[in-house]
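# Topology and contacts: notes
Below, each chain spelled out in residue letters.
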Amino acid sequence: MKLSKEKKYNIILLFLCVLFFVLYSFTVVAAWLPQWLNLKHLIFNWPDANANYFFAKLFAEQGVLSWHEPFNSITDNLLHTRSINVVDANLVPMTFLPVLILFGLAAKLFGPFGILFLTPLLATLTVYIIYCLSFYIFKDLDLSFLIALLFFPLAPWLYFSNIVMLPTVLFIFLVSGGWLAIAKSLATKNNIWWIIGALFLSLAVVVRPTEVLWLALVWVFVIYINRKRLKYQRCLVGVLIFLAVFITFLSFNKLIYGGYLSFGYLNLQSGTLPTEFSGQQSRNVFDSVKLLLMPFGFDFLLIVKNFVKYFVNIIWYHVLFAAAGFILLLTNKKLSLTWKKYFLLTPFVFILILLFYGSWDLADPLVKELNTISISYVRYFMPLYIWLLPLSAYAIKKLFSSKDKTNQLAYYVIIFALAILSIKVAFYAKHDGLFKNKENLLNYSQQYEGVYELVPEDAIIITDRSDKVFFPQYQVIVPQGDLPLWPRISKIVDNQNIYYFTDKSEQEIDNQRVVANSNGVAIGNLVEIDKKFKLYKIIRITR
């Protein structure tokens, strides 16, 4: 019995799903599994992932999203990591709460280590969802299959499918799953699919509220072009589902932060916006609109620079094929209505996302200098990488998919070459590829083991950037903010063992000693943990 083309494609995609689930799980198996077996402590390369794992595990085990830290009451909230905020001496999340609730529910289902496979699993499912959604949109099975083939190894997707406990993949899964359910509902008039679609898209909004503008634009566009097929009852159901999800989100904000419109990215002591939003305080309607569209201000040259560096340069080969696809479609006198709608919507989506994120100037010069594939811009541009794939796939299909044997060979060679280029970018980026990320995580494990042999578990560790290494096994202090460090350390040094883990030079430590000594605190003798980092005991000066 001869298989239909659709069944053949499904069999191939099933095989690729298994293969790429393994690739997406590379970091889980190569780095975190050894940590879990040897240390029972997981170390993440992102402070955000460290905090998200802590709160997700806390929610799974205790059903709460805050942790009381008594010493914060007497130290002006000194004890917390870079990605954790403080309210009334309680450690609270910076991440939007629905992310942690969904991760926590998954942790309850899969366990504290199994949760690490959630992101690779969702990444795998998302590729198949995009395949199905593309077919509903373009009505072209070959094009949809090619989009999936290009999506599986797409460098930004491959990379962040390995970086777990961040909302990037979860958000794309919810958006693509929501639109697929809506497409199925419109095609079959099945109300269940409509409810699922509205729920997924509502969850996507509360998982990443910063994406609401372009999501709303797509929603309005879809409703408008399907206005003759949509009954007002369905729209009303969708609105009610969104309101229910959104009110639940606000209720959790009230419970954790004390205000419905408070969230973890605020300076919760003053209620002000983070420093990245400097100059963007809302004074009138115009300022409010500007804050909604361009929260980091507007810098045209920086937008262009970030777009070229973190979009064009990272997937330049797809950009070239997308440009070819654009030209081929423009010269097509019988351009389909679907492609006309794609061209109408695309510039607005790109503009909204670039306006929102493009003017953000990262404060950390080391990150800007060294990071490429792992930088936050790549996460924020993820919808744009995926949005470009239909154009790239169209060019390859149009140019190389004829029955001529030479063209067919070129077709498969190009797909394979694009996959290799993408995998190379994701794994071999010089300073932050997946292989380098694995190396860094194993180095962090060695640092942790070196400290663990010397430092009791109830100790506090002061560290500039290694909070992600030691928390939550140890309480941590990250010197930052306007309040001085050593006067606050002096308030707790008699009550707790305190250590200073740092890579500062001896000259810098001597400068710190002067300030510490003036506050009745001494920085003791050092212990070398490795060639770079040293450990100092903090003690009270006895006079």
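Keep in mind that what you see is a predicted model, and the values were worked out from it rather than measured. Starting from 1, residues in each chain are numbered consecutively following that chain's sequence as written. Totals for whole chains, interfaces and linings use every residue, but because this is a predicted model, local features are given only for residues with pLDDT of at least 70 and side-chain atom pairs only at 80 or more, for both listing and counting. With hydrogens and water excluded, all non-hydrogen atoms of the structure serve as input to the side-chain values.

## Digging into the overall build of the protein
To qualify as a helix, a DSSP run of H or I must reach at least 4 residues; to qualify as a strand, a run of E must reach at least 2; elements of each kind are numbered from the N terminus. Check the secondary structure of the protein and you find 23 helices and eight strands. Atoms counted for the radius of gyration: C-alpha only. Globule rule: 2.2 Å times residue count to the power 0.38. Its C-alpha atoms give the protein a radius of gyration of 25 Å, near enough to 24 Å, the size a compact globule of 543 residues would have. Relative accessibility under 20% of the residue-type maximum defines a buried residue, over 50% an exposed one, and the middle range a partly exposed one, all with a 1.4 Å probe and only protein chains included. Per-residue burial for the protein yields a buried fraction of 53% across its 543 residues. When contacts within the protein are restricted to residue pairs at least 6 apart in sequence, those whose partners lie at least 24 apart make up 73%. Every accessible area reported is derived by Shrake-Rupley at a probe size of 1.4 Å, with residue values counting cover from the shown protein chains alone. For the protein, the computed accessible surface area is about 25700 Å², with 64% contributed by carbon and sulfur atoms. Positive and negative charge centroids in the protein, built from 48 and 32 side chains respectively, lie 17 Å apart. Note on definitions: a residue-residue contact is assigned when non-hydrogen atoms from the two residues lie within 4.5 Å. Positive residues here are Lys and Arg, negative ones are Asp and Glu, while His and the chain termini are left out of the count. All charge positions are set by atom: Lys at NZ, Arg at CZ, Asp at CG, Glu at CD.

## Brief notes about the sheet that holds strand E2 (residues 84–87)
When DSSP finds two or more bridges between two strands, those strands count as paired. Across the sheet, which stays open at both edges, the three strands sit in the order E1-E3-E2 with antiparallel pairing between neighbours. The open sheet has two edge strands with one neighbour each: strand E1 (67–68) and E2. Bridge count between E1 and strand E3 (residues 90–93): two bridges; the pairing is antiparallel. Its bridge partner being in E3, histidine 68 is matched across the sheet by asparagine 90. Most of the contacts of helix H11 (residues 232–257) go to E3, to which it runs at about 155°, and overall it touches E2 and E3. Whenever a helix is involved, its axis is fitted only over the stretch in contact; in every case the axis is a line through C-alpha atoms, and angles between N-to-C directions fall within 0 to 180 degrees.

## Focus: the side chain of serine 374
Of note, serine 374 is situated in the loop between helix H16 (365–370) and helix H17 (376–380). On the basis of relative accessibility, which here comes to 7%, the residue serine 374 falls in the buried class. In terms of polar contacts, serine 374 uses its side chain to reach the side chain of asparagine 371, at 3.1 Å. Residues within four places of serine 374 in sequence aside, it is in contact with Trp46, Tyr159, Phe160 and Asp432. Pairs of N or O atoms are called polar contacts if they sit within 3.5 Å, as long as, within protein, a hydrogen donor faces a hydrogen acceptor (for residues adjacent in sequence, only side-chain-to-side-chain pairs).

## Some remarks on the nonpolar core
Burial of nonpolar side chains together is a common tendency in soluble globular proteins. For this analysis, a nonpolar core means a set of buried residues of the types Ala, Val, Leu, Ile, Met, Phe, Trp, Tyr and Cys, connected via side-chain atoms within 4.5 Å. Membership of the largest hydrophobic core comes to 166 residues, with the highest contact counts inside it found for Leu116, Trp157, Met165 and Phe381. Broken down by element, this core gets its largest block of residues, 13 residues, from helix H18 (residues 382–400). In this structure leucine 116 touches Val28, Trp32, Leu42, Phe44, Tyr53, Val164 and Met165, once residues within four positions along its chain are discounted.

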